[in-house]
Amino acid sequence: MKTLKKPGILCFLLLCCCSVIGQQHSNSFSDAKIGAVVIQDQFWQPRLKQWSTVTINDVFDKFEGKHKQGAEEQAKNNALNNFKLVADGKLVSGRHVGFPWFDGLVYETIRGASDYLKNYPDEQLEKRIDVYIDNIYAAQVTDASGYLNTYTQLVEPGHEWGNNGGFLRWQHDVYNAGMLVEAGVHYYRATGKTKLLEAAVKIANLMCTGMGPSPKKNMVPAHSGPEEAMMKLYWLFKNNAALKNKLPVVVQPNNYYELAKFWIENRGHHSGYPLWAKWGNDASEKWIRDPQNQSQLINSRPTWGSYAQDSVPVFEQQTIEGHAVRATLLATGMAAVAQENHSPKYMQTLHRLWGNMVGKRMFITGGVGAIHYDEKFGADYFLPPDAYLETCAAVGSGFFHKKMFELTHDGKYMDELERILYNSLLTGISLSGNKYTYQNPLNAHNHKRWDWHECPCCPPMFLKITSEIPGYIYATDKDKLYVNLFIGSSANIQLGDGNIVAIKQQTNYPWDGKIVLNIEPERKQEIPVYIRIPGWAGGIENPYQLYTSDLHKPISLLINGKQVKINKVNGYAVISRKWKKGDKITMELPVQPRIIKAHAAVKDLQHKLAIAAGPVVYCVEENDAFFKQLQLTVKPAMVQQYNKNILGGVNTIAVKNGNKTLCTAIPYYAVGNTGDKNAYNVWLPAVEKD
Ligand SMILES: [Zn+2]
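What you are looking at is a predicted structure, and each value in this text was computed from that prediction instead of being measured.

### Section: the overall build of the protein chain
Logical step 1: In terms of helices and strands, the protein chain carries 20 helices and 23 strands.
Logical step 2: For 690 residues, the compact-globule formula gives about 26 Å, and the C-alpha radius of gyration of the protein chain, at 25 Å, lands near that figure.
Logical step 3: In terms of overall dimensions, the protein chain has a C-alpha envelope of 70 × 65 × 50 Å along the principal axes.
Logical step 4: For the protein chain, with 690 residues in total, the buried portion stands at 63%.
Logical step 5: A separation of at least 24 residues holds for 71% of the contacts in the protein chain among residues at least 6 apart in sequence.
Logical step 6: In the form shown here, the protein chain has an accessible surface area of approximately 24,600 Å², with 50% of it arising from carbon and sulfur atoms.
Logical step 7: Seen as two clouds, the 75 positive and the 64 negative side-chain charges of the protein chain have centres 4 Å apart.

Right, dumping it as structure tokens:
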């Protein structure tokens, strides 16, 4: 945001897929073999409904400038007009609304809206998107090659893909193209319409023609995201060969896969210049834009620096570095390629980066990207309470966790995805569904949500991940059925052998730990059901002990009312039996309040504690004067209570000293919704009692 000064900028994010259900282990992006997952609960259903209507339209309205007063102001802020200007041939007009990556943000919103349309059909919204698609399509056909990047075309013509004195890291040509590709795939999947998919294929083909091993150009996205997008395009056609014939353009799926691999494996392979760390962003940009230097880069390219994970080759990266959104999206793209090539080199790198992030650089809310400057990861154990933590980075790491689950079927990855969903992601939106955050510090002063931002990257990313939530609840692997999230819902799920299982889940999670599951297969046979046992519930707050809690309570598991011993495999309770109508699994997770402490290596969090209950991290929201005198003991007494009338219905936790309430904690995601407090703290000061 403030770093928005120029090169240092950027935001954003990306993707994943819909449900994994019924897909092969190796390929998570085939059409899911699951009927829609219908969510019926008190927590997510009202939210998803609100986001599918209020939030999507709010985001499109604001991209159209409708939050501004007067027709002139609105027109000046209408980012959709960028496409119209290009379509009308008004090139070199210098008139471009927003930053160069606004095309990408519009595509991302279309992608998020597409996935919502699948679960929440909305004719009006679909019509609205069709008009945008007509404009995007019309803009693209003005260039015979299929090129489209409205910023470059309107402001820096001749600098396509950052060539000829351009600056790709600023222009975002490849990033925007990647977002167009994923939007085309998602909109086709939601509606069966091919117009945006055609635009996606054209720009993908153009990139495949020009970028790759010599004699093509060595070019990688300066902002990751396109890597996974190309895998989605590849999988779409690989799994539906007949679809090619419905398009008036050539489709070559293998090329999309090859380019995704090239982009990943060619990171760190460049001229070594500019020296970002030494010269700074401005001088580095100047060097890149100098035509004399460009002419020396015939067989090479500039480096995008550690900021864009481009200082060393990807397989040599030991730690997760640089701009947190880019880093998590690169990892997501790498994981997507690994689903196809099963390369041990990819897997080793992914495990290493994930371990470094989750074990040493992740906040208790799941947020990542500690440092404001360059919006980047900090050093190991640098986890200050006032850290930056962009909403988009939470989304990017959520996608990374999800992909790691798809690759390994280990529950620990879903633990971390769940942490994000209930904390660092959910705090990014107001209860009203139309105010957002960019930074999400754990302790803050005068932290407010905004109506709109000069870099509104976070709302589209928010829509991209929340639209996928129904697809995160269940998964399959051959004949195994996974229950990953505890959200009241029902679905029909097809297993690898074709058997269809009707599953129903009832719960009042996260406010209550009781989860009831009914499993009813069409054909009677033994089916192993894997129910995730969240790490926190088993006393493992973090797989690397970055955080530890004082919770040591048993988890109860019953089948048809009879207690059973938990057979735990990779973070799941596994129950295998011939399920029959009426069979019922009941699990009870210990959602009472617990105290969390950080690892001794985290200097900023010593003599501090955080409160959580179930997957929800809590905080105290008060005024400054209150925090000046607040001091807790390391093991305070806590009383949890459900309050249906505050903050949309939440459990609050009163922290007690005898009969006296020292403070009352609310879910961290709900801060900033009442307006009468100016500060909140997740990490609270604590002292050992004498
Ligand atoms: Zn953002």
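More follows now that the structure is in view.
### Focus: the coordination of the zinc ion
Logical step 1: Note on the zinc ion: its protein donors are Glu 390 (OE), Cys 392 (SG), Cys 457 (SG) and Cys 458 (SG). The metal-donor distances range over 2.0 to 2.3 Å.
Logical step 2: Mapping the donors of the zinc ion onto the primary sequence yields the spacing E-x1-C-x64-C-C. With a gap of 66 residues between them, Cys 392 in helix H16 (residues 391-408) and Cys 458 in helix H18 (residues 458-466) connect regions that are remote in the sequence.
Logical step 3: The buried category is assigned to Cys 458, whose relative accessible area is 1%.

### Description of the pairing of strand E19 (residues 637-643)
Logical step 1: Summarising the sheet, E19 and strand E20 (residues 650-657) pair through seven bridges and their orientation is antiparallel. Within E20, the residue paired with Tyr 642 across the bridge is Asn 651.
Logical step 2: In this structure, the hairpin formed by E19 and E20 is closed by a connection of six residues, where Leu 647 is found at a positive phi of approximately 50 degrees.

### Here's the deal with the environment of Ala 308
Logical step 1: The topology assignment puts Ala 308 in the loop between helix H13 (291-295) and helix H14 (324-341).
Logical step 2: Residues Ala 308 and Gln 505 lie 197 residues apart in sequence; the distance between their C-alpha atoms is 42 Å.
Logical step 3: In contact with Ala 308, not counting residues within four places along its chain, are Ala 222, Arg 267 and Arg 326.

### Some thoughts on the environment of Ile 527
Logical step 1: In this fold, Ile 527 is placed in strand E8 (residues 526-532).
Logical step 2: C-alpha of Ile 527 to C-alpha of Ser 576: the two residues are 49 residues apart in sequence and 5.5 Å apart in space.
Logical step 3: For Ile 527, the contacting residues outside a window of four places in its chain are Asp 479, Leu 481, Leu 495, Asn 499, Val 501, Pro 521, Ile 575, Ser 576, Arg 577 and Trp 579.

### What about helix H9 (residues 195-210)?
Logical step 1: For H9, spanning 16 residues, the distance from its first C-alpha to its last is 23 Å, which sits close to the expected 22 Å at 1.5 Å a residue.
Logical step 2: Counting buried positions along H9 yields 12 of 16 residues, so the element is predominantly enclosed.
Logical step 3: Taken together, the buried positions of H9 are Leu 196, Leu 197, Glu 198, Ala 199, Ala 200, Val 201, Lys 202, Ile 203, Ala 204, Asn 205, Met 207 and Cys 208.
Logical step 4: Next to the buried residues of H9 lie helix H4 (102-119), helix H5 (123-140), helix H8 (173-191), helix H10 (226-238) and helix H11 (253-265).
Logical step 5: A positive backbone phi angle near 150 degrees is found at Gly 212, which sits one or two residues after H9.

### Some details on the sheet that holds strand E3 (residues 474-477)
Logical step 1: Spatially, the five strands line up as an open sheet ordered E3-E4-E8-E13-E12, and their pairing is mixed. Each of the sheet's edge strands pairs with one partner strand only, and the pair in question is E3 and strand E12 (568-569).
Logical step 2: Here E8 runs beside strand E13 (residues 572-578); their pairing, made up of seven bridges, is antiparallel. Within E13, the position partnered with Arg 532 by the bridge is Tyr 572.
Logical step 3: Running at roughly 45 degrees to E8, helix H17 (residues 411-422) makes contact with E8 and E13 of the sheet.

### Considerations on the pattern of salt bridges
Logical step 1: The full count for this structure, using the stated rule, is 36 salt bridges.
Logical step 2: Note that Glu 258 and Lys 261 form a salt bridge whose closest N and O atoms lie 3.4 Å from each other. Taken together, the positions of Glu 258 and Lys 261, both in helix H11 and three residues apart, correspond to about one turn of that helix.
Logical step 3: The exposure class assigned to Glu 258 is partly exposed, which follows from its relative accessible area of 43%.
Logical step 4: Each of Glu 108, Arg 111, Glu 182, Lys 464 and Glu 468 takes part in salt bridges that share partners, so that together they form one network.

Cut-off values and rules
- Residues numbered from 1 in each chain as written.
- Predicted model: local features only at pLDDT ≥ 70, side-chain atom pairs only at ≥ 80, totals over all residues.
- Heavy atoms only, no water.
- Helix = DSSP H or I, 4+ residues; strand = E, 2+ residues; numbered from the N terminus.
- Rg over C-alpha atoms; globule rule 2.2 N^0.38 Å.
- Buried < 20%, exposed > 50% of the residue type's maximum accessible area, 1.4 Å probe, protein only.
- Contact = heavy atoms within 4.5 Å.
- Areas by Shrake-Rupley, 256 points an atom, 1.4 Å probe, with all protein chains shown as cover.
- Lys, Arg positive; Asp, Glu negative; His and termini not counted.
- Charge placed at Lys NZ, Arg CZ, Asp CG, Glu CD.
- Donors = N, O, S within 2.8 Å, 3.2 Å for Na, K, Ca; no water.
- Pairing = 2+ DSSP bridges.
- Expected span 1.5 Å × (residues − 1).
- Axes fitted to C-alpha atoms, helices over the stretch in contact; angles between N-to-C directions.
- Salt bridge = Lys/Arg side-chain N within 4 Å of Asp/Glu carboxyl O.

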